[in-house]
Amino acid sequence: MEPVTAPLCPLDTGPAAIVPRQRGPARRWAAPSGEEPERSDAGPGPVAPAPGASPPSRTAPTPAAARSARRPPLAGSVRGVTPPADEPVGAVVVGAGRDSRGAVVAALLGAPLPVRRPPESFLLVRHGPAARIAAFLPGWPHPWPVPTRAARTGAGLDLPRPPRRVEVRRPDQLLRHLSLVDTPDLGPLGPAGTRVLVDAVARAGALVFVIGAGPPPGPVEHDLLRQAVAAGAAVFVVVTPGGVQSEGEAPHRAALLAAVPDLAGAPWFVGEPDAGSVTGLRRQLIDWADRTALHRAGAGLAALTGLDQPPTLRTDRSRPADGDGPPAPGPEGDWSRHLDRTVRRAGQRVRQTLAIELANLHLAAVQEILFGCGPAGTPDLLDRELLALSLRAGHGCAAAVDDIVDDMTGYLFAAEPTALRHVLRELLRRRIAVDPPPTPVAVGLLAMAAGQVQRVTATDAPDDVLGAAEVDVFAAYPASWSRSALPPLGLALAADCWHRDDGPAGMAPHQARTWTQQILRAVEIELSRELTVRFAAVRRGLSSLLCDVVDTGDPAR
């Protein structure tokens, strides 16, 4: 499968033990068949080995320049999602049918994947020393190991609730450079699932769009591609033989470019998806992954640099040049009151935004119960919506903390050193992990069928990876907490919501509406409490750090 386009232009932007069903969200389970639960050895972000340290050597200048012109762009950010410097790169495979996407992934790896996952779960393939399969279920403290023979038939994935993702580790050379993600079909995902998918594309950095047999790409696919381009993701288009009409790939190209003009420079690959025909695609993916990994590592150096000299406090009492904000404090000014006001306003904004999101979620759920999936599909719908809401909550908290740090550095110091802001954010993250507040910060909220919400907190986690395993089981794409002061917050339904006796599956529509309202109200109350705990931890940690800066000029003391 070789590229068929001109050079790239940068875009703008077995018999297995069946897991018994259990009522309620047990926090500790024994693994099936006497196996030990797989413990997350990664920390909050992906644990794939670091990509290649450098791109392939280039000796001849003219061919190198030609290859450089064909390179896809480096990943950027979308909706406040900026990939952390130490987050491994990946390629998200989207589009066509499940079989077509699976054939492309199998061709890239050189062998089919021995796993049949639930249709609503993400499939992540990453590098590991030995072949291993695990399912990630919210509420369980560690990934659930799945025997390979059971994964082939799907019996090993008969779990108490659908997993957010299934992870396969393989000792494949391609996976040393990047991970591969096979996504669910776009149609059933809905807007919430699309937001989750866009977040994964923005953080992974690349999107492989597959056109296969079946209906051509429609508005949902076009919107996803536009958002991927806006994220600065590298886009690769693969057309399988089932998607090639008698006229060739030209009709597909014309229709896709008419809907998404920014894809004019994206590379197209046409042919049978087998190991021998995807050499060009593998080569371009590896080249892109190496350059992007180096770019992210370089971008993260600024966050690791210290202060060359102590910052200077502002002594003038005039208002800032833009006329907004309070007068600058003197060395003995009461900046702690300003910090209180700033943290309080930031917390209120995040709570109000999420309350509106929950109200919209309630309306959408009622419509689906009456005119869409019905009561039986309500748990899947709510769980998908809560996953998207958890991403919104995490991004909102991260942006709010950044605003608080920026506001306080501008309020206290004559100059606003970028290095100081980076240092404060990193030290605040460590302080929350090492010196937790009186009420521990939760890493997940689990809504149970009875209308209660269970807080999931970190247990037996190292200080620098607070709640790494607990956070990871809530994520469809591995969560990262390397450049955010607060850990990600997972939201999910407990396993009993899928039980016919406890959940809405056996209810009448009006009963399912009442149940949904009860669940969302409980989530709203507990989410508001959790945000209060989180911003109190931010205020406590940042106050201590700023005291050190004001007194000694060194926040690390």
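What comes next is a walk through the structure. Remember, it's a predicted structure, so these values are computed and weren't measured experimentally. (Residues numbered from 1 in each chain as written. Predicted model: local features only at pLDDT ≥ 70, side-chain atom pairs only at ≥ 80, totals over all residues. Heavy atoms only, no water.)

**Things to note about the pattern of salt bridges**
Put simply, the rule is: By convention in these notes, a salt bridge is any Lys or Arg side-chain nitrogen within 4 Å of a carboxyl oxygen on Asp or Glu. Elements are defined by DSSP. Helices are runs of H or I of four residues or more, strands are runs of E of two residues or more, and each kind is numbered from the N terminus. Each residue is assigned to one of three classes by its accessible area relative to the maximum for its type, calculated with a 1.4 Å probe on protein chains only: buried under 20%, partly exposed between the two thresholds, exposed over 50%.
Under the counting rule described, the total for this entry stands at 25 salt bridges. The salt bridge partner of aspartate 185 is arginine 101, with a shortest N-O separation of 2.8 Å. With aspartate 185 in the loop between β6 (179–182) and α4 (186–204) and arginine 101 in helix α2 (residues 98–109), this residue pair connects regions lying 84 residues apart in the sequence. Here arginine 101 falls in the buried class, since its relative accessible area comes to 1%. A salt bridge links arginine 529 to glutamate 526; the shortest N-O distance between them is 3.5 Å. With arginine 529 and glutamate 526 both in helix α13 (residues 509–552) and three residues apart, this pair spans about one turn of that helix. On the basis of relative accessible area, arginine 529 is assigned to the exposed category, the value being 52%.

**Here we look at unusual backbone geometry**
A positive phi angle, close to 50°, is found at alanine 96, a residue other than glycine. You can see alanine 96 is positioned in the loop between β1 (90–94) and α2.

**Quick notes on the sheet that holds strand β12 (residues 490–493)**
Cut-off, in case you're wondering: When DSSP locates at least two bridges between a pair of strands, those strands are taken to pair. Between N-to-C directions, angles span 0 to 180 degrees; the directions come from axes that are lines fitted to C-alpha atoms, helices contributing only their stretch in contact.
The three strands lie next to each other as β11-β10-β12, forming an open sheet whose pairing is mixed. Two strands close off the open sheet at either side, each with one partner strand: β11 (453–457) and β12. On average, adjacent strands in this sheet sit at an angle of 20° to one another, irrespective of strand direction. Where strand β10 (residues 442–447) lies against β11, five bridges are found, and the strand directions are antiparallel.

**Considering the packing of aromatic side chains**
Short version of the rule: Aromatic pairs are defined between Phe, Tyr and Trp rings, using the six-membered ring for Trp, whenever the two ring centres lie within 6.5 Å; interplanar angles under 30 degrees are classed as stacked, those over 60 as edge-to-face, and all others as tilted. Should the NZ of a Lys or the CZ of an Arg lie within 6 Å of a ring centre and within 35 degrees of the ring normal, that charge is described as sitting over the ring.
Across all of its chains, the model carries zero aromatic pairs by this definition. Cation over ring: arginine 253 sits above tryptophan 268, and NZ or CZ is 4.7 Å from the ring centre.

**Here we look at the sheet that holds strand β8 (residues 234–239)**
To keep things clear, this is the line we draw: It only takes one pair of heavy atoms within 4.5 Å for two residues to be counted as in contact.
An order of β4-β3-β5-β2-β6-β1-β7-β8-β9 is seen for the nine strands of this open sheet, with the pairing classed as mixed. Either end of the sheet is taken by a strand with one partner, and the two such strands are β4 (144–145) and β9 (268–270). Strand direction decides the pairing type here: β1 and β6, joined by four bridges, are parallel. Across the sheet, the residue bridging to valine 93 is aspartate 182, located in β6. Of the strands in this sheet, β7 (205–211), β8 and β9 touch helix α6 (residues 250–259), which is tilted by about 155° from β9. In the packing of helix α7 (residues 279–299) onto the sheet, the strands contacted are β1, β7, β8 and β9, and the crossing angle to β8 comes to about 170°.

**As for the pairing of β10**
Looking down a regular strand, the side chains alternate between one sheet face and the other. Taking burial as the measure, the six residues of β10 include six buried ones, the bulk of the element. Counted along the chain from β10 to the antiparallel partner β11, the turn is five residues long, and its residue glycine 451 has a positive phi close to 90°. Bridge analysis of β10 against β12 gives four bridges, and the strand direction is parallel. What sits directly across from leucine 446, in β12, is alanine 492.

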